[in-house]
Amino acid sequence: MAVQKSRVTPSRRGMRRGHDKLKTSTLSIEAETGETHLRHHVSPEGFYRGKEVIQFDEKEVEADA
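### Quick word on the environment of Tyr-48
Then, in step 1: Of note, Tyr-48 is situated in strand E3 (residues 47-48).
Then, in step 2: Taking relative accessible area as the criterion, Tyr-48 reaches 27% and is therefore assigned partly exposed.
Then, in step 3: With 16 residues separating them in the primary sequence, Tyr-48 and Glu-32 have C-alpha atoms 8.8 Å apart.
Then, in step 4: Leave out the neighbours within four places in its chain, and Tyr-48 touches Glu-30, His-40, His-41, Val-42 and Val-53.

Right, dumping it as structure tokens:
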């Protein structure tokens, strides 16, 4: 069985546990469409930072609906 070489201090223990805390994902509101999306990701409508970066065909839009 593995035995630690030295005792872990409360400070070190706290530093490790500080990274375990769950964070809420940061969301942005698209200026063009008003949709909410993850930061640095394209919105579901295909817009990123006010510009349309993905153009969907009419067939794709109908298939999703």
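### Examining a positive patch on the surface
Then, in step 1: On the surface, Arg-7, Arg-13, Arg-16 and Arg-17 cluster together into a patch of positive charge.
Then, in step 2: By the secondary structure assignment, Arg-16 is in helix H1 (residues 10-18).
Then, in step 3: Classification of Arg-16 by relative accessible area gives partly exposed; the value is 47%.

### Topic: the layout of surface pockets
Then, in step 1: Here the largest pocket is characterised by a volume of approximately 150 Å³.
Then, in step 2: Along its surface, the largest pocket is lined by Ser-28, Ile-29, Glu-30, Ala-31, His-37, Arg-39, His-40, Tyr-48, Arg-49 and Gly-50.
Then, in step 3: Residue composition of the lining of the largest pocket, grouped by class: three nonpolar, four polar and three charged.

### Description of the confidence of the model for the protein
Then, in step 1: Looking at the protein as a whole, its pLDDT mean stands at 83, while 89% of the residues score no less than 70.
Then, in step 2: By mean pLDDT, the top-scoring element of the protein is strand E2 (residues 36-38) (89), and the lowest-scoring one is helix H2 (residues 58-64) (64).

### A closer look at unusual backbone geometry
Then, in step 1: One non-glycine residue, His-40, lies in positive phi territory at about 65°.
Then, in step 2: Structurally, the position occupied by His-40 is in the loop between E2 and E3.
Then, in step 3: In this model, Arg-49 sits at a positive phi of 55°, which is unusual for a non-glycine residue.
Then, in step 4: Position of Arg-49 relative to the elements: it lies in the loop between E3 and strand E4 (51-52).
Then, in step 5: Under the relative-accessibility criterion, Arg-49 is labelled exposed at 71%.

Criteria and cut-off values
The residue numbering used here restarts from 1 in each chain and proceeds along that chain's sequence as written. Note on the predicted model: pLDDT of at least 70 is required for a residue's local features to be given, and 80 or more for side-chain atom pairs to be given and counted; whole-chain, interface and lining totals, by contrast, use all residues. To obtain the side-chain values, all non-hydrogen atoms of the structure were used and water was disregarded. Here a strand is any run of E in DSSP of at least two residues, a helix any run of H or I of at least four, and the numbering for each starts at the N terminus. Relative accessible area decides the class of each residue, using a 1.4 Å probe on protein chains only: under 20% of the type maximum gives buried, over 50% gives exposed, and in between gives partly exposed. Any two residues whose heavy atoms approach within 4.5 Å are treated as being in contact. Residues with no salt bridge and a relative accessible area higher than 30% make up the patches, which join like charges within 9 Å and nonpolar side chains (Val, Leu, Ile, Met, Phe, Trp, Tyr) within 5 Å. Every accessible area reported is derived by Shrake-Rupley at a probe size of 1.4 Å, with residue values counting cover from the shown protein chains alone. Note on definitions: salt bridges are taken to be side-chain nitrogens of Lys or Arg within 4 Å of carboxyl oxygens of Asp or Glu. Asp and Glu are treated as the negative residues and Lys and Arg as the positive ones, with His and the ends of the chain left uncounted. Every charge is mapped onto a representative atom, which is NZ of Lys, CZ of Arg, CG of Asp or CD of Glu. Only protein atoms enter the 1 Å grid, on which a cavity is a set of points fitting a 1.4 Å probe that cannot get out and a pocket is an open set with protein on both sides within 12 Å along at least 5 of 7 lines, lining residues being those with an atom within 4 Å of a point. Grid points are joined across faces, edges and corners, and a volume is the space filled by probe spheres set on the points. Classification used: nonpolar for Ala, Val, Leu, Ile, Met, Phe, Trp, Tyr, Cys and Pro, charged for Asp, Glu, Lys and Arg, polar for all others including Gly. Confidence scores labelled pLDDT are given residue by residue by the predictor and lie between 0 and 100.

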